[in-house]
Amino acid sequence: MKVTVWNENRHEKENPKVLENYPGGIHGYLANMLACDDIEVRTATLDQEECGLTKEIVEDTDVMLWWGHGAHEQVPDEIVDRVYEAVMRGMGLIVLHSAHHSKIFKKLCGTTCHLKWRGGARERIWTVKPNHPIAAGVDETFVLDPEEMYGEPFDIPNPDELIFMGWFNGGEVFRSGCTFTRGNGKIFYFQPGHEINTAFQNENVQKIIKNAVRWACPIKKNIELSCPHFQPLEKTE
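Definitions and cut-offs
- Counting starts from 1 at the beginning of each chain's written sequence and moves along it residue by residue.
- With pLDDT at 70 or above as the cut-off, local features in this predicted model cover only qualifying residues; side-chain atom pairs require 80 or more to be listed or tallied, and sums for whole chains, interfaces and linings still use all residues.
- By convention in this description, side-chain values take in all heavy atoms of the structure and omit both hydrogens and water.
- Going along the chain from the N terminus, every DSSP run of H or I of four or more residues is numbered as a helix, and every run of E of two or more is numbered as a strand.
- Taken over C-alpha atoms, the radius of gyration is set against a globule rule of 2.2 Å times the number of residues to the power 0.38.
- Burial classes follow relative accessibility: with a 1.4 Å probe on protein chains only, a residue under 20% of its type's maximum area counts as buried, one over 50% as exposed, and anything between as partly exposed.
- At least two bridges found by DSSP between two strands are what make those strands a pair.
- Contacts are assigned to residue pairs that have any heavy atoms within 4.5 Å of one another.
- Centres within 6.5 Å are what make two rings of Phe, Tyr or Trp a pair, Trp counting through its six-membered ring; a difference in plane orientation under 30 degrees is then read as stacked, over 60 as edge-to-face, and the rest as tilted.
- Nonpolar core, defined: a set of buried Ala, Val, Leu, Ile, Met, Phe, Trp, Tyr and Cys residues in which side-chain atoms within 4.5 Å join the residues together.
- Angles here are taken between N-to-C directions and fall from 0 to 180 degrees, while the axes themselves are lines fitted to C-alpha atoms, restricted in helices to the stretch in contact.
- Exposure above 30% relative accessible area and the absence of a salt bridge qualify a residue for a patch, where like charges join within 9 Å and nonpolar side chains (Val, Leu, Ile, Met, Phe, Trp, Tyr) within 5 Å.
- Per-residue and other accessible areas follow the Shrake-Rupley method at a 1.4 Å probe size, with only the shown protein chains counted as cover for residues.
- Salt bridge, as used here, is a side-chain nitrogen of Lys or Arg placed within 4 Å of a carboxyl oxygen of Asp or Glu.

**Student:** Tell me about the overall build of the chain, residues and numbers included.
**Tutor:** When you go through the chain residue by residue, the secondary structure sums to 7 helices and 9 strands. For the chain, the C-alpha radius of gyration of 18 Å lies close to 18 Å, the compact-globule estimate for 237 residues. If one aligns the C-alpha atoms of the chain with their principal axes, the spans along those axes are about 70 × 40 × 35 Å. Counting only residues that meet the buried cut, the chain has 51% of its 237 residues in that class.

**Student:** Before we move on, could you go through unusual backbone geometry and cite the residues and values that matter?
**Tutor:** The linkage connecting Asp145 with the following residue, Pro146, adopts the cis geometry, with an omega of 5 degrees. Here Pro146 is to be found in strand β6 (residues 141-151). Of note, the bond from Glu152 into Pro153 is cis; its omega dihedral lies within 30 degrees of zero at 5 degrees. Despite not being glycine, Asn9 has its phi angle at roughly 60 degrees, a positive value. For Asn9, the position within the fold is in the loop between β1 (2-7) and α1 (11-14).

**Student:** So what's going on with the pairing of strand β5 (residues 116-127)? Residues and values would help.
**Tutor:** Summarising the sheet, β5 and β6 pair through 8 bridges and their orientation is antiparallel. Across the sheet, Ala121 pairs through a bridge with Glu147, a residue of β6.

**Student:** Describe the side chain of Asn21, and please don't skip the residues or the numbers.
**Tutor:** Take Asn21: it is sitting in helix α2 (residues 16-21). Filtering out sequence-adjacent residues up to four positions away, Asn21 remains in contact with Tyr29, Glu195, Ile196, Asn197, Thr198 and Gln201.

**Student:** Outline the packing of aromatic side chains, supporting the account with residue identities and numerical values.
**Tutor:** Per the counting criterion, the structure on display carries 10 aromatic pairs. Pairing Trp6 with Trp66 gives two aromatic rings, centres 4.2 Å apart and planes at 20 degrees, and the pair type is stacked. Placement of the pair is Trp6 in strand β1 and Trp66 in strand β3 (residues 63-67), with a sequence separation of 60 residues. Note on Trp6: relative accessible area 1%, which makes it buried.

**Student:** Residues and numbers for the nonpolar core, please.
**Tutor:** Ranked by internal contacts, the top residues of the largest apolar core, which has 36 residues, are Leu53, Trp66, Leu93 and Phe105. Elements represented by at least two residues in this core include exactly β3, α5 (77-88), β4 (92-96), α6 (103-109), β6, β8 (173-182) and β9 (185-190). In terms of residue count, the dominant contributor to this core is α5 (5 residues). Those residues in contact with Leu93 that sit more than four places away from it in its chain are Met64, Trp66, Val87, Ile104, Leu108, Lys186, Ile187, Phe188 and Ala216. With 34 residues, the next largest nonpolar core counts Val18, Leu34, Leu65 and Ile163 among its residues.

**Student:** Provide a residue-level description of the environment of Arg122, including the pertinent values.
**Tutor:** Here Arg122 is to be found in strand β5. When the C-alpha positions of Arg122 and Glu148 are compared, they lie 8.0 Å apart, and in sequence the two are 26 residues distant.

**Student:** A description of the sheet that holds strand β7 (residues 161-168) should follow, citing residues and the corresponding values.
**Tutor:** The mixed open sheet is built from 9 strands, whose spatial order is β2-β1-β3-β4-β9-β8-β7-β5-β6. At either end of the open sheet lies a strand with only one pairing partner, and these are β2 (40-45) and β6. Taken over all neighbouring pairs, the strand axes of this sheet differ in orientation by 25 degrees on average, direction set aside. Against the sheet, α5 engages β3, β4, β8 and β9, with an angle of about 115 degrees to β9.

**Student:** Which residues make up helix α3 (residues 25-34), and what values do they have?
**Tutor:** Where burial is concerned, most of α3 is hidden: 8 out of the 10 residues are buried. Within α3, burial applies to Gly25, Ile26, His27, Gly28, Leu30, Ala31, Met33 and Leu34.

**Student:** Can you break down a nonpolar patch on the surface residue by residue, with the values?
**Tutor:** A cluster of nonpolar side chains, contributed by Trp126, Val128, Trp167 and Val173, occupies part of the molecular surface with about 350 Å² of accessible area. Here Trp126 lies in strand β5. Given a relative accessible area of 37%, Trp126 falls into the partly exposed group.

**Student:** So what about the environment of Ala135? Which residues, and what values?
**Tutor:** Relative to the helices and strands, Ala135 is located in the loop between β5 and β6. For the pair Ala135 and Val80, spaced 55 residues apart in sequence, the C-alpha separation works out to 29 Å. When near neighbours in sequence (up to four residues on either side) are disregarded, Ala135 contacts Thr127, Lys129, Pro130, Ile163, Phe164 and Asn211.

What is shown is where atoms sit, not what they do.
See below:
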């Protein structure tokens with residue numbers, strides 16, 4: 001399996017706390033966490049040529065993870081279109097935390113993806129679909145403290161499946177783990193991961209991301225998207 005972890009890599013340059021939490025940056029930390037015998041991981045960042053997402057790299061990716069926050073609009077539309085087409089042809093996409101406002105997620109959802117937010121909250125995540133592959137080995141409930149609060153309403157289409165719900169100590173709730181299908185591609189949105197907190201160090205969060213990567217990996221990818229005039233396979237009278 002070939003995985004590409006994309007991160008805008010801007011907070012790492014602006015706030016020492018981010019590198020303190022995640023040596024090598026969020027992208028490097030996630031890549032090291034995912035790498036194993038059957039997963040080959042590369043990273044890509046905003047300041048690389050073509051945002052690190054050349055046509056060759058995207059076509060060679062089975063599952064892409066996307067973390068972004070303050071530089072969504074700096075991702076060129078042509079790169080967004082490239083990733084979008086790859087998802088439609090079968091590539092899996094894991095959308096993390098503030099990437100709810102990324103161009104690619106909004107394009108795939110067709111909505112604003114707006115939500116409520118505030119910092120410094122305590123979150124309890126509930127596994128509401130424990131028999132789903134993404135929930136394998138995950139506790140029924142676990143706590144992230146602190147974590148940035150994301151609250152409803154969350155302007156997304158109705159998910160295919162709701163796997164995790166978040167409750168915050170201010171009384172807010174949030175659909176923290178949702179799946180979608182677009183074309184031939186599987187998508188998982190997962191809410192934890194504010195850059196100055198340590199959610200990605202949490203054992204349950206790591207299990208969820210690892211499970212999601214395997215769930216989203218296509219049996220077949222780069223499926224041609226076309227609308228041909230088709231001849232009948234059998235004789236018609």
